[in-house]
Amino acid sequence: MFQKGFLRQLGVLTVAVLGVTLSTVKAQSGEPIQPLPTNIKINDSIAALGKQLFFDKRLSVDDTISCASCHDIDGWGAEAKSVSEGVKKQLGERNSPTVFNSGLNFKQFWDGRADDLSHQASGPVVNPIEMGMPSWDKVLEKLEGDQEYQKAANQLFGSALTKDVIVEAIAEYEKTLLTPNSPFDRYLKGDAGAISDVQKKGYELFKSYGCVSCHQGMNVGGNMFQKFGVLEDIAMNDRSLSNDLGRYMVTNNEWDKRVFKVPSLRLATKTAPYFHNGSVPTIEEAVDIMIKFQLGRSVPQQDRDAIIKFLESLVGEKPKGS
Amino acid sequence: MKNSLLFALILLIAAIGGLGLLYLGSNLPDNDLANRNVNAQLLKIDNLDSSVNELSLRSRANLDTNYDLLVRSTVALERAVSDLSLGYFNQEKISGSLLETRFNSFKATAEIKSDQVEDFKSHNSVLRNSEKYAPMVGSQLSLIARENALLDVENLYRQAVIDTLEFAKQGSTKPVGEVSGYADRISQTESVMPQDAAIKILEFSKHVSTAIDAKQKTDGYLGQILNSSLSDQIEDLYNAWSLWQSEQDNSQKVLQYCTIAYVATMLALIGVLAFRLRSLYNNLDQEVDAKAKEIKVAYENLHSSERKLQQSEKMASLGQLVAGVAHEINTPLGYISSNIDTIKLKLNKMVPVLNKVEELSDAASNPSREKTALNTLLKEQIVAFRKIDAGSKPERINTLLKDSTEGLLEIKSIVDSLTNFSHVEDGPLQEVDVNERISSTLKMCANVVGDRKIITNLSDDLPMVSGVHNQILQVFTNIITNAAHATDAQQGVITVETALKDSDVEIAFIDNGSGIDDESLTRVLDPFFTTKEVGEGTGLGLSIAHQIVDAHKGELNISSTVGEGTRVAVLLPVSV
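Cut-off values and rules
Residues numbered from 1 in each chain as written. Chains lettered and ligands numbered in written order. Predicted model: local features only at pLDDT ≥ 70, side-chain atom pairs only at ≥ 80, totals over all residues. Heavy atoms only, no water. Contact = heavy atoms within 4.5 Å. Buried area = accessible area lost by both parts, 1.4 Å probe. Salt bridge = Lys/Arg side-chain N within 4 Å of Asp/Glu carboxyl O. Polar contact = N/O pair within 3.5 Å; in protein donor to acceptor, adjacent residues only side chain to side chain. Helix = DSSP H or I, 4+ residues; strand = E, 2+ residues; numbered from the N terminus. Nonpolar A, V, L, I, M, F, W, Y, C, P; charged D, E, K, R; others polar. Phe/Tyr/Trp six-rings, centres within 6.5 Å; stacked < 30°, edge-to-face > 60°. Lys NZ or Arg CZ within 6 Å of the ring centre and 35° of its normal. Buried < 20%, exposed > 50% of the residue type's maximum accessible area, 1.4 Å probe, protein only. Pairing = 2+ DSSP bridges. Domains from an automatic or database assignment. Axes fitted to C-alpha atoms, helices over the stretch in contact; angles between N-to-C directions. Parallel < 35°, antiparallel > 145°, perpendicular 65-115°, else oblique. Left-handed = near helix turned anticlockwise from the far one by under 90°.

Moving on, we get to the interface of chain B and chain A. If you look at the interface, chain B gives 42 residues, while chain A gives 42 residues. Summed over both partners, the interface of chain B with chain A comes to about 3,600 Å²; 54% of that surface belongs to carbon and sulfur atoms. Across the contact surface, chain B and chain A share 3 salt bridges. The partner of Glu232 of chain A in a salt bridge is Lys206 of chain B, and the shortest N-O contact between them spans 2.7 Å. The interface formed by chain B and chain A contains 17 residue pairs in polar contact (both at pLDDT 80 or more). At the level of elements, α2 (31-60), α3 (68-86), α5 (98-147), α9 (198-226) and α10 (230-365) of chain B are the ones that each hand at least two residues to the side of chain B that touches chain A. Take the side of chain B that touches chain A: its biggest share by element is 13 residues, from α5 of chain B. Along the lines of polarity and charge, the residues of the side of chain B that touches chain A split into 13 nonpolar, 14 polar and 15 charged.

Quick look at the structure:
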């Protein structure tokens, strides 16, 4: 028989432990936004292999595009273009989100169709308008002769270079790309002078306007889905924001029309242009659109600017591993 | 079947059977471990499910102001289910079972729950904003309405705020339809309110309707989350797993039966082997007995052959001896016989003289004797006596008789030697005069020696040795016979020497014969070793001599050079 009695006890215990954990968290800070971790468990050797692969243009059909082509590591892990340019100058439909802190997102892609980084990494390589490889077999064929890769794969995974090895390694590298120790994180940890008064006011506005309802957690977003235009029809906006049906394309649920993953705002002020199709060039317009269509209200310029100042305080150090 | 073949066959069967069982066994899952792991995984899922419920409630109650923990639990729950479907509940493995049906339904429930959590989070966030902003904008509008003395509108706004809040927070006593109506009623106040309030009225209306809508959806999803049957299905799932496991147990039973069959087969085969070994053992006993008997018979045969050989050697020696003896006796017998013939002739010539003596005696004793007749008779007597030749005189006869007597004595001495030799039994130890024994030997061996020259070089003052007369005679006889055979019948020279060597008397026989090569020399003392033609020698001569010398605590040493001759030395200890 299933050990139900024991299970119940364990359940009670778990809830108790959870309660203690939660109350501890609350005791540390009741804030909806939490600091980024400064210390994560990484296999450095696998991450090193992942970094090589991340920059390897041979992962594209004509050796022109690597992961780093659209996720500029020297920039802020994204690119300035509205939508990415794939092989043969083909344009995609969505804006490349920053790869920084992406390991903290609960799902990957704008529509959340990938559960984790390795799942995500397997997509663009064989996407015909991104890196354009006809198949993963062709990728492996291409890299078969690379002794360095084969040796590393054998050492780290005990196998030849496979799709799994490649995407796991890239994912491991991407996990290292965090931007910790932002002024706001330091403020959260008790350094009251880490951010300016305007930024403090911006944070209060960010909460009182309700931005924080969705942009919360340590990644200030990236842990839930939300409908674009929840209080106001996004089609009313003159950008092309309503064309993309978002998660509906994945689930076919009526409610999922124009539902997207709530993006992290950690690097929002560094990664223009904005939204899923990169159609909004400035942070000011982006904040305006959010407050109007998501929060169903208008915002004075002073408040909006304070909020933007607050968003600037979320930018941390560039990843060490980059 | 050969035993080794049988044994190899049994080993082969044992090995194949063992490997088969191992293969069967290794293909079976480790049930205990699997049970523990599945149980642990299901417990984990149940706990994560509880966590998701708990954290959803906390989010709904604003106890948690972000979704990080809820996300962590949700992701962990999805992973845990996915781990099961990749591992123990692998589709291919459990295909067609109740477990598959239940697990599919379980997975579907988990997926639905995941979607519900996402929907809950989205609507909960919206609700949070609207239930906060609606009262805020409602209050502002109430003030504007009061300033414009629009009491009904102000009341509507106030009531809308209260009812919306009440509805959003804990559910209203008022029917949903009535609360839902506020949005439209607020919108309608736009016409009576000042123009600059239009935007706020729109916002208020939207947020009231959003709050009411989001509240229903949020609580709807929350209710579905909390009432999800995931936890209840876990028990069914575990029961299905147990059932599936027990079905797998059937294959374990098969393995058990196979093991029993294997053990039984092996026991039977070992039994056969034991039986074979036992009969083999019995046969072995019998065979050993038979062989022992054979060996005993062979040994006895050999022993008797040896005795017969020894006897025939003795007989052969005796034959040679008899020949020699016959020759020796023949000579004196010849002249004795001839002497007797001669004496007979001479006595016949004496008969007429003796007859005349009788006539003379009768006449002389007659009283009427005539002198003339007596004279005549006397004359005739003298004539008859004178007719006898000188050779027939009694002196001559005496000489012949004396010679014959000597011949008879010689024969007597030969017969004495013969008597000694024929006395084959081991006699008691006696004081033996070695030189005398050599003389006797040479006498008896005269026939074998023939024309070969015998040189004796015997020490005068030899002490006596302790031994058996006849046996020592036989030793010497055998050695001299060999020496004679090894030498040329005309040119052969055999030297016999005796000397005192420390506490031994050494008797050496040296011949100038063909000699013995080194290889043969090592074997000359072996019984039956002979270089003579078949039938000529028994090969026992030296062997017997050696045995006898050994029995006398003496030594027999042989040295030889091929082409020059052989020296056989017998050492006999001096009698104490």
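Let's shift gears to the packing of aromatic side chains. Inspection of the entire model under this criterion finds 19 aromatic pairs over all chains. On the basis of an interplanar angle of 45 degrees and a centroid distance of 5.5 Å, the ring pair of Phe89 of chain B and Trp241 of chain B is categorised as tilted. Placement of the pair is Phe89 of chain B in the loop between α3 and α4 (91-94) and Trp241 of chain B in helix α10, with a sequence separation of 152 residues. Grouping aromatic residues by their ring pairs yields a cluster made of Tyr88, Phe89, Phe103, Phe106, Trp241 and Trp244 of chain B. Here the basic side chain of Arg297 of chain A rests over the ring of Tyr209 of chain A, its NZ or CZ set 4.3 Å away from the ring centre.

Residues and elements named next belong to chain B. With burial as the criterion, only one face of strand β6 (residues 555-561) is covered, namely that bearing Leu556, Ile558 and Ser560; the residues Glu555, Asn557, Ser559 and Thr561 on the opposite face remain uncovered. With 7 bridges connecting them, β6 and strand β7 (residues 565-573) associate as antiparallel partners. Note that in β7 the partner of Ser559 across the bridge is Arg567. Turn length for the β6-β7 hairpin, with the two strands adjacent in sequence and antiparallel, is 3 residues, and the turn residue Gly563 shows positive phi of about 90 degrees.

All names here are of chain A. One can read the domain layout of chain A as domain 1 (44-175) and domain 2 (183-312). In this assembly, 23 residues from domain 1 lie in contact with 24 residues from domain 2. Buried area between domain 1 and domain 2, both sides added, is near 1,900 Å², and the carbon and sulfur share of it is 60%. A per-residue breakdown of the area domain 1 buries against domain 2 is headed by Trp76, Phe106 and Trp110, which together make up 35% of the total. Applying the counting criterion to the domain 1 and domain 2 interface returns 1 salt bridge. With its nearest N and O atoms 2.8 Å apart, the salt bridge here joins Arg94 to Asp244.

Okay, the packing of helix α2 (residues 44-54) of chain A against helix α6 (residues 147-157) of chain A next. Residues and elements named next belong to chain A. Running from amino to carboxyl end, α2 crosses α6 at an angle of 150 degrees, the nearest separation of the two axes being 10 Å. What the angle tells us is that α2 and α6 run roughly antiparallel. Our pair here, α2 against α6, has a crossing hand that is left-handed. Contact with α2, carried on its side by Ser45, Ile46, Leu49, Gln52 and Leu53, involves Glu148, Tyr149, Ala152, Leu156 and Phe157 of α6 and no other residues of that element. Its residues assigned to classes, the contact of α2 with α6 comprises 7 nonpolar, 2 polar and 1 charged.

On to helix α13 (residues 434-444) of chain B. Each turn of an α-helix holds 3.6 residues, which means side chains three or four residues apart point in the same direction. Residue and element names in this part refer to chain B. With 8 of its 11 residues buried, α13 lies for the most part within the structure. Where α13 is concerned, the buried positions are Val434, Asn435, Arg437, Ile438, Ser440, Thr441, Leu442 and Met444. If you check the start of α13, you find a side-chain oxygen 3.1 Å away from the backbone N of Asn435, and it comes from Asp433.

Residues and elements named next belong to chain B. Within β7, 7 of the 9 residues are buried, leaving the element largely enclosed by the surrounding structure. Sheet topology note: the strand β5 (residues 504-511)/β7 ladder contains 8 bridges and is antiparallel. From the neighbouring strand, Glu506 faces β7, where its bridge partner is Leu571.

The next point concerns unusual backbone geometry. All names here are of chain A. Of the consecutive residues Ala272 and Pro273, the connecting peptide bond is found in the cis state with omega at 0 degrees. Position of Pro273 among the secondary structure elements: in the loop between β2 (259-261) and α12 (283-294). Despite not being glycine, Asn101 has its phi angle at roughly 65 degrees, a positive value. Here Asn101 falls in the buried class, since its relative accessible area comes to 1%. In this model, Phe275 sits at a positive phi of 70 degrees, which is unusual for a non-glycine residue. Tracing the sequence through the fold places Phe275 in the loop between β2 and α12. Of the residues examined, Phe275 reaches a relative accessible area of 12% and is grouped as buried.

Further remarks concern the sheet that holds β7 of chain B. Residue and element names in this part refer to chain B. Strand order in the open sheet formed by 5 strands is β2-β4-β5-β7-β6, with mixed pairing between adjacent strands. Each edge of the open sheet is held by one strand with a lone partner, namely β2 (453-457) and β6. On average, adjacent strands in this sheet sit at an angle of 15 degrees to one another, irrespective of strand direction. Bridging between strand β4 (residues 493-501) and β5 involves 8 bridges; their strand directions are antiparallel. Its bridge partner being in β5, Leu500 is matched across the sheet by Val505. Helix α15 (residues 469-486) rests against β4, β5, β6 and β7 of the sheet, and its axis sits at about 25 degrees to β5.

Residue and element names in this part refer to chain A. It is at 10 Å that the axes of α12 and helix α13 (residues 301-312) come closest, and there the two elements cross at 115 degrees. Accordingly, the angle class assigned to the pair α12 and α13 is roughly perpendicular. For the pair α12 and α13, the crossing hand works out as right-handed. The segment α12 lies against α13, with Ile283, Glu284, Val287, Asp288 and Ile291 engaging Arg304, Ile307, Ile308 and Leu311. Split by residue class, the contact of α12 with α13 holds 6 nonpolar, no polar and 3 charged.

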